[in-house]
Amino acid sequence: MMTLIIKRAAMAVPSLIGVVIVTFLLTRMLPGDPAAYFAGPAATPQAIQEVRVKLGLDKPMIQQFGRYVVDLAHGNLGTSLTTGQSVVAELRTRLPASAELTLLGLLVSVAIAVPLGILAATRPNSLLDHACRIISTAGVSLPVFFTGLILIYVFYYLLGWAPAPLGRLDVFYTAPPQVTGFYLIDSLIAGDPETFTAALKQLILPALTLGVFSLAPIARMTRASMLAVLSSDFIRTARANGLSSWTVIITYAFRNAMLPVITTLGMVFSFLLGANVLVEKVFAWPGIGSYAVEALLASDFAPVQGFVLTMAVMYVVLNLMIDIVYGLIDPRVRVET
Amino acid sequence: MTEIAAARPRESPVAALFRHSRHVLTQNPVTAFAFGLFLLILLAAVFGPYIVPYDPLASDTTQALKPPNAQHWFGTDQLGRDVFSRVISATRLDFFIAVASVALVFLMGGLAGVAAGFFGGWTDRIVGRVADTIMAFPLFVLAMGIVAALGNTVQNIVLATAIVNFPLYARIARAEANVRRDAGFVEAARLSGNADWRILVGQILPNVLPILVVQMSLTMGYAILNAAGLSFIGLGVRPPTPEWGIMVAEGAAFMVSGQWWNAFFPGAALMVAVFCFNLLGDGLRDIVDPRRRT
């Protein structure tokens, strides 16, 4: 098992190298002179020259790249021009907000998509099957920012059930003492059910928005793989032996059908992490996505670069984890490697 | 032989195309519906700016933020501009971005993939490595980074959308070219003295084309969503240009105070367009490549 993990981890290394090279190249593609850019609009030629030497931009490309890698190894992603804060510090304080939202979004999407896919597969061509197809097609067709706005209009403006879409917690509450950075968990640790409910209320709409957008691949894959498993011999045998149909579906079919679904999680995370940026903007969520968007509009490149790098590294690590989990669940993968 | 030839006179290419299209459309009513919708979008893209009742840029502050009514079907925005006219006029730009980016990635990804599958070796390794590196990013995030670095213009939105779709096209084209590299007709072409590039363009590419065209219509929807997402966060298209993503962004602030029509109609237009492209793509795929039906 250890060898499998090490082998998979080694396979992620080229991806990480690629990610670092691409994020480096992105800064060097900035239009115009990057030194003038980093020195700000009011800089004198002398100041620009100073910035150029300070950033090492007068050196050859390969040395610049070496410097970038060394900075990365020291956990230095540069400083934001607008706030003057170090990018790493900002990303670190904002990351829990994004992670909490994304994970809850994933939870919502799995909670809707998996039962939907199973039910659709057990009754092919029924009304429910068509509903599954329509919901999953509509899910990918709905622009995620649009779904979010519609939910806000219905649940905040019309019904008044949801709180104002302005961040993680209503102004009347104070954030729970930080342990994990996830408000839901921290408030439970602090034994503060009121803050927990308040945080949950803020989270529901954005998480639902993310869930609706990303449920399509899971629902489709669950349905397709359940259909394949249900028509196999061991299911027929189980049925012939008189097991109840739910035992057959859940214990026998579902556990086998889950394997391909786990592999689609990689694609789901690509959807979730990208859509996260848009959802954070709609709900004024103080995560890393809205940080990057603010920096983008201010033409402040260091935070954007840090953001792209963080997201890509997280995505590579998530894919690695999915692969390892797959190996743990399915012994056949272990035999092959 | 002569009798058969006399009994079935050769169809003109135009008639054959027409017959085939009719066959495709009658096969599946959903595809026919999507095709009708596609024609409607195409009409709006071509003639939209000439047929709309109001100038999409003309503001009239006395008419600001009016709900949908007989004069303004989709209501008016905060500057009194007619939302209906703006939504229809925006079709051209959104459609252009989607078509241009898909055409671009078709050229880049299709050619690189076909070459990788046909030549193998280093070409294959380089194309595969580039595709893997792009796939290592969450796609929308990479598109954001590219537009931020290259500059905030519509051209760069097109380019970024094309780049993030590159792996999809390259992989499909590679797989399809790879299974055909030693096919009989390729061997025959090689034996009759054709150079490699000539076989690639003349024999392999036409065979891979239908599958890539299906892929194009499947990714059109994603391309339009991606571009609208970028302009929603303020990249690329600048106000007051009518564009669906930016119109939703401008209308978003009014959603919490109940003026829903500002963001709703451009968002709905976006949704209908994406839905149409997805349905059309699914329908085309079922016809060209029935095995991959899910």
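Since the model is a prediction, treat every value here as computed from it, not as a measurement.

1. Focus on the overall build of chain B
Scanning chain B for helices and strands turns up 11 helices and 0 strands. In chain B, the order of α-helices and β-strands from amino to carboxyl end is α-α-α-α-α-α-α-α-α-α-α. With the C-alpha coordinates of chain B rotated into their principal frame, the extents come out at 75 × 55 × 35 Å. Across the 294 residues of chain B, 47% fall into the buried class. Sequence-distant contacts, at least 24 apart, represent 69% of the contacts inside chain B between residues at least 6 apart.

2. Thoughts on helix 1 (residues 2–28) of chain A
With 27 residues, helix 1 of chain A should reach 39 Å at 1.5 Å per residue; the first-to-last C-alpha distance of 40 Å fits that figure. Along helix 1 of chain A, the positions that sit buried rather than exposed are A:S15, A:G18, A:V19, A:T23, A:L26 and A:T27.

3. Regarding the nonpolar core
By size, the foremost hydrophobic cluster in this structure holds 169 residues, and its most contacted members are A:L149, B:A143, B:I224 and B:V248. Broken down by element, this core gets its largest block of residues, 17 residues, from helix 11 (residues 245–282) of chain A. Those residues in contact with B:I224 that lie beyond four places of it in its chain are B:D94, B:A98, B:L270, B:A273, B:V274 and B:F277.

4. Describing the environment of B:G281
Residues and elements named next belong to chain B. Assignment of secondary structure puts G281 in helix 11 (residues 261–288). On the neighbour-count criterion, G281 (22 C-beta atoms within 10 Å) is buried. In the structure, G281 is positioned 56 residues away from L225 in sequence and 15 Å away in space, judged by C-alpha atoms. Not counting the four nearest positions on each side in its chain, G281 is found in contact with V214, S217 and L218.

5. Considerations on the interface of chain B and chain A
Contacts between the two partners involve 38 residues from chain B, matched on the other side by 42 residues from chain A. Secondary structure elements with two or more residues in the side of chain B that touches chain A: helix 5 (121–135), helix 6 (139–150), helix 9 (196–232), helix 10 (244–255) and helix 11 of chain B. Top contributing element to the side of chain B that touches chain A by residue count: helix 6 of chain B, with 10 residues. Partitioned by chemical class, the residues of the side of chain B that touches chain A number 27 nonpolar, 10 polar and 1 charged.

6. Quick notes on the packing of helix 11 of chain A against helix 12 (residues 288–297) of chain A
All names here are of chain A. Contact pair helix 11 / helix 12: the axes reach a minimum separation of 8 Å and the direction vectors enclose 80°. Our classification of the angle between helix 11 and helix 12 gives roughly perpendicular. Judged by residue contacts, N276, V277, E280 and K281 of helix 11 engage G289, S290, A292 and V293 from helix 12. When grouped by side-chain class, the residues that make up the contact of helix 11 with helix 12 number 3 nonpolar, 3 polar and 2 charged.

7. Re the environment of A:L107
Here A:L107 is to be found in helix 5 (residues 87–122). Considering only alpha carbons, one finds A:L107 and A:L208, 101 residues apart in sequence, at a separation of 9.5 Å.

8. Here we look at unusual backbone geometry
Here the phi dihedral of A:A284 falls at roughly 50°; this positive angle occurs in a residue that is not glycine. A tally of 13 C-beta atoms within 10 Å means that A:A284 is categorised as partly exposed.

9. Some words on helix 7 (residues 154–180) of chain B
All names here are of chain B. Along its 27 residues, helix 7 runs 38 Å from first to last C-alpha, staying within 8% of the 39 Å computed at 1.5 Å per residue. At N165, helix 7 is deflected by roughly 45°, the largest bend along its length, and proline P167 occurs up to four residues later in sequence. In terms of burial, helix 7 is largely enclosed, as 21 of its 27 residues are buried.

10. Brief notes about the confidence of the model for chain B
All names here are of chain B. Of the residues in chain B, 91% have a pLDDT of 70 or more, and the chain-wide mean is 82. Of all secondary-structure elements in chain B, the lowest mean pLDDT belongs to helix 1 (residues 2–7), at 49, while helix 7 reaches the highest, 89. The complex prediction reports pTM at 0.84, with the ipTM value standing at 0.84.

Cut-offs and rules
- Residues numbered from 1 in each chain as written.
- Chains lettered and ligands numbered in written order.
- Predicted model: local features only at pLDDT ≥ 70, side-chain atom pairs only at ≥ 80, totals over all residues.
- Helix = DSSP H or I, 4+ residues; strand = E, 2+ residues; numbered from the N terminus.
- Buried ≥ 20, exposed ≤ 12 C-beta atoms within 10 Å, placed from the backbone.
- Contact = placed C-beta atoms within 7 Å.
- Expected span 1.5 Å × (residues − 1).
- Core = buried A, V, L, I, M, F, W, Y, C linked by C-beta atoms within 7 Å.
- Nonpolar A, V, L, I, M, F, W, Y, C, P; charged D, E, K, R; others polar.
- Axes fitted to C-alpha atoms, helices over the stretch in contact; angles between N-to-C directions.
- Parallel < 35°, antiparallel > 145°, perpendicular 65-115°, else oblique.
- Bend = angle between axes of the 7 residues up to and from the residue.
- pLDDT = per-residue confidence, 0-100.

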